[in-house]
Amino acid sequence: MDITLGHYLGLSAIIFGIGAIGFLTRRNILIQLMSIELMLNSVNLTLIAFNRWNPGNHAGQMFAFFVIAVAAAEAAVGLAIVIALYRLKKSVQSDHADSLKH
Amino acid sequence: MIPAWLYYGSPLVWLIFAGLALMMADAFYPVTPEPISTPAQRQRRPELAMITTVILVVAGSLSFALWFAGVPDHAPRLFGNYLAVDHLSLVMDIVIVAGAVFSVLLAGGYLHEHEIERGEFYPLILFTAFGAMILARATDLLSIFIGLETMSLGVYTLVAFRRTSPRSAEGALKYFLLGSFAAAILLFGSALLYGATGHTDLVGIAEAIKTQHADVMLVIFGLLMVIIGLAFKVSAVPFHMWTPDAYEGAITPVTTFMSVAVKAAAFAVLTRVLVVSFSDPLTSSTATGWPPVLAGLAAVTMLFGNLAAVVQSSVKRMLAYSSIAHAGYILIGLVAAQKIGAVGVSSVLFYLMAYTASNALAFGSLILMGSHGREAVSYEDLAGVGRRHPMAALPFIIAMLSLMGFPPTGGFFAKYYVLSAAVQAGGGMVWLAVLGVLTSVMGAFYYLRVIVYMFMKEPKEGAPIAIPMKSGYVVVALALAAVLVVAMGLVPSYFLHMPLEAAQHLMP
């Protein structure tokens, strides 16, 4: 069986969906962060697959590199915020962060 | 001869290098020795606010100078095809710089008064403003993503600035989680658009759609996801959940910055993406395109923002919901732009200018009402303050009247231009204008309530009494904002000139 563009897109849509559902349903902030990473990596897969099947330019591959770099920066800031919150609340559950009115 | 990238990129280059220099200078700043000072005193950096203001004013002047030196019609590009130097980006530079100047001046007073002065605040504001300026001139999905993240990462950090406060950390966490989620959605949309058209630059995408080389389903899904991602950033309902918490958790100067500069940059990029890439009938017709989606967003945003603002007991949170409601009015102008072109875009830009001044004035007045250790937050805190300190209450009155849309203030003409753009567009747009007027009336209730509390209520027995702070920085910021708000109300055509020219260059 040949692996086509559709297979890659299907896989990345599934990974994106798992990430989105994980983000929305889990309450542990670290798992929510991991879910966001899953979503970003599914984007990378999509970009590279599209680039492989439309090799007119290399915008897709280049885009993926930038996504990887920015995701790292984002994780650094996110974890710093989680640490700040953990020091104050002794918890990494996002529903324990409820001192502001809803 | 200066190279073209340095000439056209001078505001950006100046801002980033000045920001880095400021960060280094702060690291080597001499601290007062331990025995003669408390930790809070050792942290004091009174001149930093002044230096940062000067840096920002220079950046704004460079943009002004570029505008008056004239930008060629083909809009020069920086760094390949990633950033455009056009009239839109220069107008947005000025709005972003103005927002940053206001929040830096307010911070100069606020951080000192509440003893949370730490040097990293000012470089962070500069880097975030840099990200916002990148975003406003991004002409490629990649540079949009990078600008958006440069801006957002700075703002997440700024919201968490008061790191000993659980509210600050919590606001930052909610903003961060939903912001990254939105960024991931935006990215997936970008990837789909790339797949559909084979291009990541906005002009290339537009060409591919026009010549029907694009996969229609992918384009529509990609566009929808890009709109959702950006709707998070402009806090349009139903993507606004983070807004009240992040605005309330952040220290007030940061809230000012978020509600003006960050929102303005997000609107600029939304305008550019929709107008440059998706003006083809396939993606902009009433049946299949973005206008009905945006019109729906505008309607629920105005309704929900105003309704939720009515029931708040905290003024800061009320202003957060009011900023959601204002995003709805701005979206009206954007929807109208699809039918009437430049006039619609210029109404959006004018709204952003007037809103920047009015909102900075409102948050600045709230900062002014609190003094050492006690911030004014709720309506109760403001009770009777107008009678005790009439001069301190004056900027608050102007701000409320302008946000309400009362003539002769900038807020009135901002609403007027947006709503008349919707009426001019006609057809299915008039109901949006009617809804805009009706919800503005609702807005009058909670804006006037501030004035009622300041002048017609007395603080409860035993309740602490708000004392306005004394700070030259805050007074300067308020005076500047008040003059701008009133000037925009008295001579709006003068201020409309630049937005109109920018809009005409964007969509000839």
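A closer look at the overall build of chain B
- Of the regular secondary structure elements, chain B holds 22 helices and two strands.
- In summary, chain B has a C-alpha radius of gyration of 22 Å against a globular reference of 23 Å for 508 residues, a match within 12%.
- Overall, chain B is about 70 × 55 × 40 Å in size when its C-alpha atoms are taken along their principal axes.
- Burial status across chain B gives 63% buried among its 508 residues.
- The long-range fraction of contacts in chain B, counting pairs at least 24 apart against all pairs at least 6 apart in sequence, stands at 79%.

A closer look at the overall build of chain A
- A tally of regular secondary structure across chain A gives three helices and zero strands.
- Listing each helix as α and each strand as β along chain A from the N terminus yields α-α-α.
- Radius of gyration (C-alpha) of chain A: 17 Å, far over the 13 Å computed for a compact globule of 102 residues.
- Here chain A, with 102 residues, has 34% of them falling under the buried criterion.
- In chain A, 48% of the contacts between residues at least 6 apart in sequence involve partners at least 24 apart.

Brief notes about the nonpolar core
Residue and element names in this part refer to chain B.
- The biggest cluster of nonpolar side chains holds 234 residues, and the ones touching the most others in it are Ile 96, Ala 129, Val 159, Ala 265 and Val 269.
- In terms of residue count, the dominant contributor to this core is helix H8 (residues 166-197) (19 residues).
- Non-local contacts of Ile 96, meaning those with residues more than four positions away in its chain, are made with Ala 129, Ala 132, Met 133, Ala 136, Ala 261, Ala 264 and Ala 265.

Examining the environment of A:Asn44
Residue and element names in this part refer to chain A.
- Its place among the elements puts Asn 44 in helix H2 (residues 29-53).
- Sequence separation of Asn 44 and Phe 66 is 22 residues, and the distance between their C-alpha atoms is 9.6 Å.
- Aside from chain neighbours lying at most four places away, what touches Asn 44 is Ala 64, Val 67 and Ile 68.

What to know about the interface of chain A and chain B
- Taken together, the contact pairs 32 residues of chain A with 31 residues of chain B.
- For the side of chain A that touches chain B, the secondary-structure elements that each account for two or more residues are helix H1 (5-25), H2 and helix H3 (59-89) of chain A.
- Among the elements that take part in the side of chain A that touches chain B, H3(A) stands out by supplying 15 residues, more than any other.
- Partitioned by chemical class, the residues of the side of chain A that touches chain B number 22 nonpolar, eight polar and two charged.

Points about unusual backbone geometry
- Look at the link from B:Val237 to B:Pro238: it is a cis peptide, with omega at 5°.
- Cis geometry is found at the peptide bond from B:Pro407 to B:Pro408, where omega equals -5°.
- By secondary structure assignment, the location of B:Pro408 is in the loop between helix H18 (390-404) and helix H19 (410-425).
- Positive phi outside glycine occurs at A:Lys90, with the angle close to 55°.
- With respect to the secondary-structure elements, A:Lys90 resides in the segment after H3.
- Taking the number of C-beta atoms within 10 Å as the measure of exposure, A:Lys90 has 8 and is therefore exposed.

Description of the packing of helix H16 (residues 342-368) of chain B against helix H21 (residues 472-490) of chain B
Residues and elements named next belong to chain B.
- At a minimum axis distance of 9 Å, the contact between H16 and H21 shows a crossing angle of 145°. In the crossing of H16 with H21, the sense of the turn from one axis to the other is left-handed. Contact with H16, carried on its side by Ala 354, Ala 357, Ser 358, Ala 360, Leu 361, Gly 364, Ser 365, Ile 367 and Leu 368, involves Val 474, Ala 477, Leu 478, Ala 481, Ala 482, Leu 484, Val 485 and Met 488 of H21 and no other residues of that element.
- Tallied by class, residues from the contact of H16 with H21 come to 14 nonpolar, three polar and no charged.

So, H21(B)
All names here are of chain B.
- Taking 1.5 Å of rise per residue, the 19 residues of H21 would be expected to cover 27 Å, and the 27 Å separating its terminal C-alpha atoms lies within 8% of that figure.
- Taken as a whole, H21 has its buried residues at Tyr 473, Val 474, Ala 477, Leu 478, Ala 481, Ala 482, Leu 484, Val 485, Met 488 and Gly 489. Looking straight down H21, one finds its buried side chains confined to an arc of 160°; they lie on one side. Seen from the open side of H21, the exposed residues pointing more than 90 degrees away from its buried face are Gly 472 and Leu 490.

Comments concerning the packing of H19(B) against helix H20 (residues 430-456) of chain B
Residues and elements named next belong to chain B.
- One way to put it is that H19 packs onto H20 with a least axis distance of 7 Å and a crossing angle of 150°. Taken together, the axes of H19 and H20 are roughly antiparallel relative to one another. Of the two elements, H19 crosses H20, and the hand of that crossing is left-handed. Of the residues in H20, those touching H19 at Lys 415, Leu 419, Ala 422 and Val 423 are Val 430, Leu 432, Ala 433, Gly 436, Val 437 and Ser 440.
- Across the contact of H19 with H20, the residue classes break down as seven nonpolar, two polar and one charged.

Considering the environment of B:Met50
- Inspection of the secondary structure assignment puts B:Met50 in helix H4 (residues 46-69).
- Measuring from C-alpha to C-alpha, the distance between B:Met50 and B:Tyr473 comes to 8.6 Å, with 423 residues separating the pair along the chain.

Quick word on helix H11 (residues 242-249) of chain B
Residue and element names in this part refer to chain B.
- Taken across its eight residues, H11 has eight buried, putting it largely inside the fold.
- Every buried residue of H11 is accounted for by Trp 242, Thr 243, Pro 244, Asp 245, Ala 246, Tyr 247, Glu 248 and Gly 249.
- The elements touched by buried residues of H11 are helix H7 (141-159), H8, helix H12 (252-277) and helix H15 (315-340).

Quick word on the environment of A:Leu11
All names here are of chain A.
- In this fold, Leu 11 is placed in helix H1.
- Under the C-beta neighbour-count criterion, Leu 11 is labelled partly exposed, with 15 such atoms within 10 Å.
- Between the C-alpha atoms of Leu 11 and Ser 42, which are 31 residues apart in sequence, the distance is 8.1 Å.

Thresholds applied
Residues numbered from 1 in each chain as written. Chains lettered and ligands numbered in written order. Predicted model: local features only at pLDDT ≥ 70, side-chain atom pairs only at ≥ 80, totals over all residues. Helix = DSSP H or I, 4+ residues; strand = E, 2+ residues; numbered from the N terminus. Rg over C-alpha atoms; globule rule 2.2 N^0.38 Å. Buried ≥ 20, exposed ≤ 12 C-beta atoms within 10 Å, placed from the backbone. Contact = placed C-beta atoms within 7 Å. Core = buried A, V, L, I, M, F, W, Y, C linked by C-beta atoms within 7 Å. Nonpolar A, V, L, I, M, F, W, Y, C, P; charged D, E, K, R; others polar. Axes fitted to C-alpha atoms, helices over the stretch in contact; angles between N-to-C directions. Left-handed = near helix turned anticlockwise from the far one by under 90°. Expected span 1.5 Å × (residues − 1). Arc of directions from axis to C-beta. Parallel < 35°, antiparallel > 145°, perpendicular 65-115°, else oblique.

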